[in-house]
Amino acid sequence: MTAEATDPAQERLRRWRLVLGGDTADGTGCALSGRDAAMDGALTALYGRKDGRSQGGRDRSAGLGASAPSVARWLGDIRTYFPSSVVQVMQRDAIDRLGLATLLLEPEMLEAVEADVHLVGTLLSLNKAMPETTKETARAVVRKVVEDLEKRLATRTRATLTGALDRSARISRPRHHDIDWNRTIAANLKHYLPEHRTIVPERLIGFGRAARSTKKEVILCIDQSGSMAASVVYASVFGAVLASMRTISTRLVVFDTAVVDLTDQLDDPVDVLFGTQLGGGTDINRALAYCQSQITRPADTVVVLISDLYEGGIRDEMLKRVSAMRASGVQFVTLLALSDEGAPAYDREHAAALAALGAPAFACTPDLFPEVMAAAIEKRPLPIPDAA
C-alpha cells in the first residue's frame, strides 16, 4: 500500500481510479502520483483506445508505438509493477490488441519478455519468418519454458504411469514378494475365519514383475492448427516424458493437411516444437490413417487424438478408422485440448459422433493427463471432468 493511500476508504478510491483509467467522470476524484502514476501509465499504454480516447472520453493516447525500444521499456515497467501472472496476461493482450507479434522477431524483445506457454505458441507461429539472428534467442526462451514444465510434470507422470503399467500386468500366481496384499485381502474377505481372526485366501493377486520389454505403445496425434498452440506445447513435453520410459514405446505425430512424424526428435521437446508448423488446415482422417498404419499390437496400444475436431478431410472415413481401431482393441482417447484453458471452440457434431463410438471428447488439463493415460493403459473408464 502506498503512502498516499493509508486508510481503507482512500485505498478503495485508489483502486477504482486505477481500474477506471482516470476519466474526469470516473467519480473517484482521486489523483495518482509516484508508483501509482507509473502503473497507470503502463495500463494506459496497453488498454487505452486506439482513437486516443478512453472509454469515458478523456484523452488517452499514450500507446506503445511500434518500436522495439519503447515496447522493451514497457515490458520492463510491467515486470516492476505487477506479479508474473499478471505480466503474462498483459503480454498476451499486447500481442493480440496491438499486433506486436512481429516485434518478437527481434532478439532484444525476446530477452525482455516473461516466458510462458502462450509466448512459446506465438514464437512457434512465427518460426518460419524468424531470422537466424533471432532463432538462438527464441530457442533459449522455449527451452526455459519446456524445462519448467518438465520439472512440474515429469515426476508425477512417470510415477502414475509406472503404477498403471504394473497393475495392468498383474498375475494370478505371484511369488511372495510380488503379491498385491491390498487387492488380495479385498478379494478374499468372504474367506475370513473369525475363530482364527485371519483370512485364508483362495486367490492371490500380484503385480507383474517389471519387464525390460515394452509393455504399451502410445501414439500422440496432435492437431497443429493455430488454435491448438498451447496443446502442442504440453503434448510435446508429455511426449518426451513418455519416451523416456523404457516400458512405453511412444510415437508423436503432428498434422494439418499433411502428416509429420516427429518421433525421432522426442529426446528433445524443443526440437519437436520447432518441427511443428502452427496454422493451416486440418485433415484428421489422413493423420489417423497414418497412426493406424503404425499399430502393431492393438491390444497394447493407446492412441491419443488432440484436436478441436474441425475436420477438413473425409468425416465418415475418420469415424470408420476410429471404430476400426477400437474394435481391434486399441484404447482411443480424444482430447479437445491439453492445456489449462479449458475446452476451445470445437466441432460438436464430430465430438458427439466420437462419443457414440465410445471415445468421448473432452478438454484435459496437464495435471489430469497422467490420470487419463493411466486409465487408458489399465483399460478403465477415463476420468472425464464434469464440465466436459
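Structural data are supplied above this passage.
Within every chain, residues take consecutive numbers counted from 1 along the sequence as written. Under the rules for a predicted model, residues below a pLDDT of 70 receive no local features and side-chain atom pairs below 80 are neither given nor counted, while totals for whole chains, interfaces and linings still include all residues. Just so you know, side-chain values use all the structure's heavy atoms and leave hydrogens and water out.

Visitor: In this structure, what is going on with the overall build of the protein chain? I would like to understand it.
Guide: Here a helix means four or more residues in a row that DSSP labels H or I, a strand means two or more in a row labelled E, and each is numbered from the N terminus. Helix and strand counts for the protein chain come out as 14 helices and eight strands. Burial status across the protein chain gives 47% buried among its 388 residues. By the convention used here, residues are in contact when the closest approach between their heavy atoms is within 4.5 Å. Sequence separation of at least 24 residues holds for 72% of the intrachain contacts in the protein chain that already meet a minimum separation of 6. In the form shown here, the protein chain has an accessible surface area of approximately 19000 Å², with 50% of it arising from carbon and sulfur atoms. Here the term buried applies to any residue with accessible area under 20% of the maximum for its type, exposed to any over 50%, and partly exposed to those in between, with areas from a 1.4 Å probe on protein chains only. Note that accessible areas follow from Shrake-Rupley with a 1.4 Å probe, and for residues the cover is restricted to the protein chains shown.

Visitor: Would you mind going over the environment of Gly-329 with me for this structure?
Guide: With respect to the secondary-structure elements, Gly-329 resides in the loop between helix H12 (315-327) and strand S7 (331-338). Note on Gly-329: relative accessible area 22%, which makes it partly exposed. Excluding residues that lie within four positions of it along the chain, Gly-329 makes contacts with Pro-298 and Ala-299.

Visitor: It is not clear to me how the packing of helix H6 (residues 117-125) against helix H9 (residues 229-243) should be interpreted in this structure. Could you clarify?
Guide: When two helices pack together, you describe them by how their axes are tilted relative to each other and by the distance separating the axes. Relative to each other, H6 and H9 sit at 105°, their axes nearing to 8 Å. What the angle tells us is that H6 and H9 run roughly perpendicular. Residues Val-117, Val-120, Gly-121 and Leu-124 of H6 form the contact with H9, whose own contacting residues are Ala-229, Ala-230, Val-233 and Tyr-234. Here the residues of the contact of H6 with H9 sort into seven nonpolar, one polar and no charged. Helix axes use the C-alpha atoms of the stretch in contact, all axes being lines fitted to C-alpha atoms, and the angles between their N-to-C directions lie in the range 0 to 180 degrees. These descriptions rest on fixed angle ranges, namely under 35 degrees for roughly parallel, over 145 for roughly antiparallel, 65 to 115 for roughly perpendicular, and the rest for oblique. The nonpolar class holds Ala, Val, Leu, Ile, Met, Phe, Trp, Tyr, Cys and Pro. Asp, Glu, Lys and Arg form the charged class, and all remaining residues, Gly among them, are polar.

Visitor: When you look at the environment of Gln-10 in this model, what are you seeing that I'm missing?
Guide: Its location among the elements puts Gln-10 in helix H1 (residues 8-20). What makes Gln-10 partly exposed here is its relative accessible area of 27%. Separated by 20 residues in sequence, Gln-10 and Cys-30 have C-alpha atoms that sit 8.3 Å apart.

Visitor: What is the right way to look at the side chain of Ser-307 in this model?
Guide: For Ser-307, the location among the structural elements is in the loop between strand S6 (301-306) and H12. Ser-307 gets classed as buried once you look at its relative accessible area, which sits at 0%. Identification of polar contacts relies on pairs of N or O atoms within 3.5 Å, with a donor-acceptor requirement for protein atoms, meaning one able to donate a hydrogen and the other able to accept it, and with residues adjacent in sequence counted only if both atoms are side-chain atoms. A polar side-chain atom of Ser-307 sits 3.0 Å from a polar atom in the side chain of Asp-223. At 2.9 Å, the side chain of Ser-307 forms a polar contact with the backbone nitrogen of Leu-309.

Visitor: Just checking my understanding: could you explain the pairing of strand S4 (residues 248-255) for this structure?
Guide: Residues in a regular strand point their side chains to alternate faces of the sheet. Of all the eight residues making up S4, six are buried; the element is thus mostly covered by neighbouring parts of the structure. In this sheet, S4 lies alongside strand S3 (residues 216-223) in parallel orientation, the contact comprising eight bridges. Paired with Lys-216 across the strands is Ile-248, a residue of S4. When the strands point away from the viewer, a crossover counts as right-handed if the path from the first strand over the helix to the second runs clockwise. Once the chain exits S3 it traverses H9 before rejoining the sheet at S4, and the crossover so formed is right-handed. Between S4 and strand S5 (residues 259-261), which follow one another and run antiparallel, lie three residues. Only strands joined by at least two bridges in the DSSP assignment are considered to pair.

Visitor: Looking at this structure, I do not really get a nonpolar patch on the surface. What am I missing?
Guide: On the surface, a cluster of nonpolar side chains totalling about 330 Å² of accessible area is made up of Trp-16, Val-19 and Leu-20. Topologically, Leu-20 is positioned in helix H1. By relative accessible area, which is 39% here, Leu-20 ends up partly exposed. Patches here are clusters of residues that have more than 30% relative accessible area and form no salt bridge, with a 9 Å joining cutoff for like charges and a 5 Å cutoff for nonpolar side chains (Val, Leu, Ile, Met, Phe, Trp, Tyr). Here a salt bridge means any side-chain nitrogen of Lys or Arg lying within 4 Å of a carboxyl oxygen belonging to Asp or Glu.

Note that all results are geometric; they support no functional claim without further evidence.
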